[in-house]
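Residue strings, one per chain:
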Amino acid sequence: GAGEKFETFIAKPRVTFSIAIAYALIPSYWRAKGYACPATTLYKSLLVRGRGRIVVDPEEQARALQALMEKHQPEGEFTPITPDEPLYRKVLEETKVFCVEPERIDIKTNFGQTLPEKQRWELIRRLEERNEGLDRAAAAEVRKTLETS
């Protein structure tokens, strides 16, 4: 059969998924020596709620799979996925593509936007000084909060 997840999806096509990007872990001692509470994470997150459906149109199915390939293999080096391409006929028949039709999207961020301006500048300085992982990108996001306040 198609599997338990597929059967559950057919029976209850309500969909919720989230994506979160942790830009930087901020230790508490950057803001308050000896006090644990200011420890935080600078992040962006997205929560999508909606209805799911199975894509049955071969053209839509091929476009979705082509877009996925372009994302994960941007250099190309593969035959484009189309419903008319003999190389992919069987794959398109056997592969299930799911579409999420969003009903609600919630976006949340924490880049110190509630901190006083002086503390945000200090946060930028420390992130740029530490310069690990996404620290520079996090500093740029904190800087954006200063431009809009």
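Residues numbered from 1 in each chain as written. Predicted model: local features only at pLDDT ≥ 70, side-chain atom pairs only at ≥ 80, totals over all residues. Heavy atoms only, no water.

A few words on the packing of aromatic side chains. To describe a pair of aromatic rings, one takes the distance between the centres and the angle between the planes. According to the stated counting rule, one finds 3 aromatic pairs in the structure shown. Residues Tyr23 and Phe111 carry aromatic rings whose centres are separated by 5.0 Å and whose planes lie at 90 degrees to one another, so their mutual orientation is edge-to-face. One end of the pair, Tyr23, is in strand E1 (residues 14-26); the other, Phe111, is in the loop between strand E3 (97-110) and helix H4 (117-130), and 88 residues separate them in sequence. Each of the two residues, Tyr23 as well as Phe111, counts as buried. (Phe/Tyr/Trp six-rings, centres within 6.5 Å; stacked < 30°, edge-to-face > 60°. Helix = DSSP H or I, 4+ residues; strand = E, 2+ residues; numbered from the N terminus. Buried < 20%, exposed > 50% of the residue type's maximum accessible area, 1.4 Å probe, protein only.)

The next subject is the pattern of salt bridges. A full pass over the atoms with the stated rule returns 13 salt bridges. The partner of Glu94 in a salt bridge is Lys90, with the nearest N and O atoms 3.6 Å apart. Here the residue Glu94 and the residue Lys90 both occupy positions in helix H3 (residues 89-94), the gap between them amounting to 4 residues, near one helical turn. You'll find Glu94 and Lys90 in the same group, each marked exposed. Notably, a salt bridge pairs Glu122 with Arg126, separated by 3.1 Å at the nearest N-O pair. In this pair, Glu122 and Arg126 are both assigned in helix H4, 4 residues apart and thus about one turn of the helix distant. (Salt bridge = Lys/Arg side-chain N within 4 Å of Asp/Glu carboxyl O.)

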